[in-house]
Amino acid sequence: MNSRTREKIDSLLKLIFKGAGFLTITLLAGIFFLLFSNSILFFLDVSPLDFFTGSQWDPDTHFSIIPLLVSTFWVAIGSMLLAVPLGVLTAAYLSEMAPRSLQTVLKPIIEMLAAIPSVAIGFLGIVLVGPGLAQLFGIQNGLNALNGSVLLAVMALPTIVSISEDAINAVPKSHREASFALGANKWETLFKVTIPAAFPGLIAAVMLGLGRALGETMTVLMATGNSAAIPRGFLDSVRTITATIAIEMGEVPYQTTHYFALFAIAGLLFLITMVINLTGEFFANRLRKFDA
Amino acid sequence: MEEIKLRAENLNLYFGKKQILKNVSIAFPKNQVTALIGPSGCGKSTLLRSFNRMHDLSPDAKIEGKLFLENLDLYDKKNSVTDIRKRIGMVFQKPNPLPKSIFENLSYALNIHNYPKHSIPNLIEAALKESFLWDEVKDELKKPAVKLSGGQQQRLCIARTVVLRPEVILMDEPCSALDPLSTKKIEELIEKLKENFTIVIVTHNMQQAQRISNKVAFMYLGEIIEFDTCDTIFKNPKNELTQRYIGGHFG
Ligand SMILES: Nc1ncnc2c1ncn2[C@@H]1O[C@H](COP(=O)(O)OP(=O)(O)O)[C@@H](O)[C@H]1O
Ligand SMILES: [Mg+2]
């Protein structure tokens, strides 16, 4: 091939890559535009004050995001309360204590959790975890916030474990050696030196796990009971923003207030998730710098 | 007759299948500075680290032979490794302050060994004075230790070791990352520390070994080739390898 043709191929490839890049950006911008233009149409009908302060989501009359938002956070925070300690300790165990043979077995297994489809996890929630919780707490209905939290915790676990592990591994060996040489044991070194030093990375892990939990739809739709009222506890049924959109979008009449309302709650969720993910990325980047 | 503080008897050490230390027997006299010299990779750090059992952390290290701190068998399963490390402190090649404040770098060591809370500030002050660092940091003990200069960081690491009142301090090329002025300070410090501690120091710097040590061991390919007083090693070495190394012909 002579160099002239090679240059031609080169510029053609450049064009393709450029095109792909622009397409992605255009798609993003398009989604952004769609969400926010429709949200604005919603706020022409309903005042933001009602939207953010009311207590009822009733698609004919009341459009307050509060019950959905509280449900969403209740489930997501619950899942983090379960997944963060478990994930961080698993990561610490894997990188600091486990023999190499166990590491090579456990790591892929944990990563495989991420490959389970959310509908399968939701199914497990309905037939297994939910009934189990109902029995455990002596209640009628196991399809509640706690059930969603447990399932989301399982789903967020791979993210949290693998990022926490990166964070822990990025702590220089010299810190651990300093601690051991002073006569600290493994636990003291882990809890007083390694984990504090890995803290920014652990925050990144939590944020990205939380982002995953907030955006998850199918599992919570199936497993949390779908009651759009402000929950008073973990054992109440809830309905998250994502589940609401998934349930109502199929039936809503086109271009009604209700229709726009679904865009508005999606837009808000988008903003929240974006802020959380950016925070996570910010800390993850600090981790990479620490590494170099 | 000098009193022996720390010794190894017929020590063999392997990383995996590779033998790094070969039948090493050596005894370090109390309250003296013993320097370990020898070309890179000959096993100086490995020997040093076997005394405070740092090799416990590498699963593929295998140790044969005996090591003693006075009468204490360092590898006897009955003896606590954390106690051993408290009695045999270590200063590393690259200053490695913990990512905590100056004060916390020392209080960490004390807390681990359950020193009473009220005694901690005084012990820290004394250790920082003893390590020639107090005057430079006394007004900023809360400052992150990593903000100190390299030489100050290394003196902090020495203070952190000293604060536990160990019997032996192992130093692995403590000045190799430092400028000449900081190096001089550390050498003066070592000179003073030997009144209270037994010091074993690895160094690449022949002048440094001559300046600070009472005895010198020359190692080559995992063996102790010659071990004698500083004067003998540098003025009158018996072994030809030692002569050539001292003369700068390899290394
Ligand atoms: N953790 C380890 N695993 C495998 N080999 C090692 C390890 N540490 C040191 N070695 C090897 O042991 C030899 C001696 O190393 P070292 O004691 O650090 O030498 P020195 O301090 O004299 O320069 C080197 O060949 C080095 O590659
Ligand atoms: Mg070395």
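In the block above lies the structure referred to throughout.
Below or above, wherever it landed, is the structure these notes cover. All residue numbers refer to position in the chain's written sequence, counted from 1. Going through the entries in the order they are written, you letter the chains from A and number the ligands from 1. The predicted nature of this model means local features are confined to residues of pLDDT at least 70 and side-chain atom pairs, given and counted, to a pLDDT of 80 or more, with totals for whole chains, interfaces and linings taken over all residues. Water and hydrogen atoms play no part in the side-chain values, which are based on all heavy atoms of the structure.

### Some points on helix H5 (residues 118–137) of chain A
All names here are of chain A.
In step 1: In this scheme, the bend at a residue equals the angle between the axes fitted to the seven residues that finish there and the seven that begin there. What counts as a helix is a DSSP run of H or I of at least four residues, what counts as a strand is a run of E of at least two, and both are numbered from the N terminus. Taking the largest bend as the criterion, H5 deviates by roughly 50°, centred on Gly125.
In step 2: Note on exposure labels: buried denotes an accessible area under 20% of the residue type's maximum, exposed denotes more than 50%, and partly exposed covers the range between, all computed with a 1.4 Å probe on protein chains only. When we look at burial in H5, the residues that qualify are Ile121, Gly122, Gly125, Val129, Gly130, Leu133 and Ala134.
In step 3: Contact between two residues is taken to exist if any of their heavy atoms lie within 4.5 Å; hydrogens are not considered. Each element contacted by the buried residues of H5 is listed here: helix H6 (145–169) and helix H10 (218–223).
In step 4: Positive phi shows up at Gly138, right after H5, with a value of about 65°.

### Focus: the sheet that holds strand E5 (residues 72–73) of chain B
Hydrogen bonds along the backbone pair up the strands of a sheet, which may run parallel or antiparallel.
Residue and element names in this part refer to chain B.
In step 1: Judged by pairing direction, the sheet is antiparallel, and its four strands sit side by side in the order E2-E1-E4-E5 without closing on themselves. The outermost strands of the open sheet, each flanked by one partner alone, are strand E2 (18–29) and E5.
In step 2: In this scheme, strands are said to pair when DSSP sees at least two bridges between them. Relative to E5, strand E4 (residues 61–69) runs antiparallel, the two sharing two bridges. Residue pairing in the sheet places Leu69 in a bridge with Leu72 of E5.
In step 3: For helices, the axis comes from a line fit to the C-alpha atoms of the stretch in contact; other axes are also lines fit to C-alpha atoms, and the angle between any two N-to-C directions lies between 0 and 180 degrees. Most of the contacts of helix H1 (residues 44–51) go to strand E1 (residues 4–15), to which it runs at about 120°, and overall it touches E1, E2 and E4.

### Quick word on the pairing of strand E3 (residues 33–37) of chain B
Residue and element names in this part refer to chain B.
In step 1: The buried count for E3 comes to five of five residues, which makes it a mostly enclosed element.
In step 2: Neither face of E3 is open: one carries Val33, Ala35 and Ile37, the other Thr34 and Leu36, and all of them are buried.
In step 3: Two strands pair when backbone bridges link them, and E3 and strand E8 (residues 198–202) are joined in this way by four bridges, in the parallel orientation. The partner of Thr34 across the bridge, within E8, is Val200.
In step 4: As defined by bridge partners, E3 adjoins strand E9 (residues 215–220) across four bridges and the pair is classed as parallel. Note that in E9 the partner of Ile37 across the bridge is Phe218.

### Focus: the site of ligand 1
All names here are of chain B.
In step 1: By convention in this text, a residue qualifies as near a molecule or strand provided that one of its non-hydrogen atoms is within 4 Å of it. Looking at ligand 1, the residues that line it are Phe15, Lys18, Ile20, Ser40, Gly41, Cys42, Gly43, Lys44, Ser45 and Thr46.
In step 2: Identification of polar contacts relies on pairs of N or O atoms within 3.5 Å, with a donor-acceptor requirement for protein atoms, meaning one able to donate a hydrogen and the other able to accept it, and with residues adjacent in sequence counted only if both atoms are side-chain atoms. Between ligand 1 and the protein, one listed contact pairs an oxygen atom with a backbone N or O atom of Gly41 at 2.7 Å.
In step 3: Note on areas: these come from Shrake-Rupley sampling with a 1.4 Å probe, and a residue is covered only by the protein chains present in the view. When ligand 1 is considered free in solution it has 560 Å² of accessible area, and contact with the protein chains removes 62% of it.
In step 4: Elements that contribute at least two residues to the shell around ligand 1 include exactly E2 and H1.
In step 5: The dominant element in the shell around ligand 1, judged by the number of residues it contributes, is H1, at three residues.
In step 6: The classification used treats Ala, Val, Leu, Ile, Met, Phe, Trp, Tyr, Cys and Pro as nonpolar, Asp, Glu, Lys and Arg as charged, and all other residues, Gly among them, as polar. When grouped by side-chain class, the residues that make up the shell around ligand 1 number three nonpolar, five polar and two charged.

### Some thoughts on the layout of surface pockets
In step 1: As defined here, a cavity is a set of points on a 1 Å grid over the protein atoms alone where a 1.4 Å probe fits but cannot get out. A pocket is an open set with protein on both sides within 12 Å along at least five of seven lines, and residues line them when an atom is within 4 Å of a point. Grid points are joined across faces, edges and corners, and a volume is the space filled by probe spheres set on the points. Looking at the largest pocket, its volume works out to about 910 Å³.
In step 2: In this structure, the largest pocket is lined by 30 residues; those nearest its centre are Glu96 and Lys186 of chain A together with Leu57, Ser58 and Pro59 of chain B.
In step 3: Only helix H3 (66–97), helix H4 (100–113), helix H7 (173–181) and helix H8 (186–197) of chain A together with helix H2 (81–87) of chain B provide two or more residues apiece to the lining of the largest pocket.
In step 4: Residue classes in the lining of the largest pocket are distributed as eleven nonpolar, nine polar and ten charged.

### Concerning the interface of chain B and chain A
In step 1: Taken together, the contact between chain B and chain A spans 21 residues of the former and 17 residues of the latter.
In step 2: Once two parts are brought into contact, the accessible area they lose, counted with a 1.4 Å probe and summed over both, makes up the buried area. Both faces combined, the contact of chain B with chain A buries some 1,600 Å², and carbon together with sulfur accounts for 65% of it.
In step 3: Among the residues chain B hides against chain A, the three largest losses belong to Arg85, Tyr108 and Ile112 of chain B. Together they make up 30% of the total.
In step 4: The salt bridge definition used is simple: a Lys or Arg side-chain nitrogen within 4 Å of an Asp or Glu carboxyl oxygen. Linking chain B to chain A there are one salt bridge.
In step 5: Residue Glu177 of chain A is joined to Arg49 of chain B by a salt bridge in which the shortest nitrogen-to-oxygen separation is 2.7 Å.
In step 6: Secondary structure elements with two or more residues in the side of chain B that touches chain A: H2, helix H3 (102–112) and helix H6 (150–162) of chain B.
In step 7: With three residues, the single largest contributor to the side of chain B that touches chain A is H3 of chain B.
In step 8: Grouping the amino acids of the side of chain B that touches chain A by side-chain chemistry returns twelve nonpolar, five polar and four charged.

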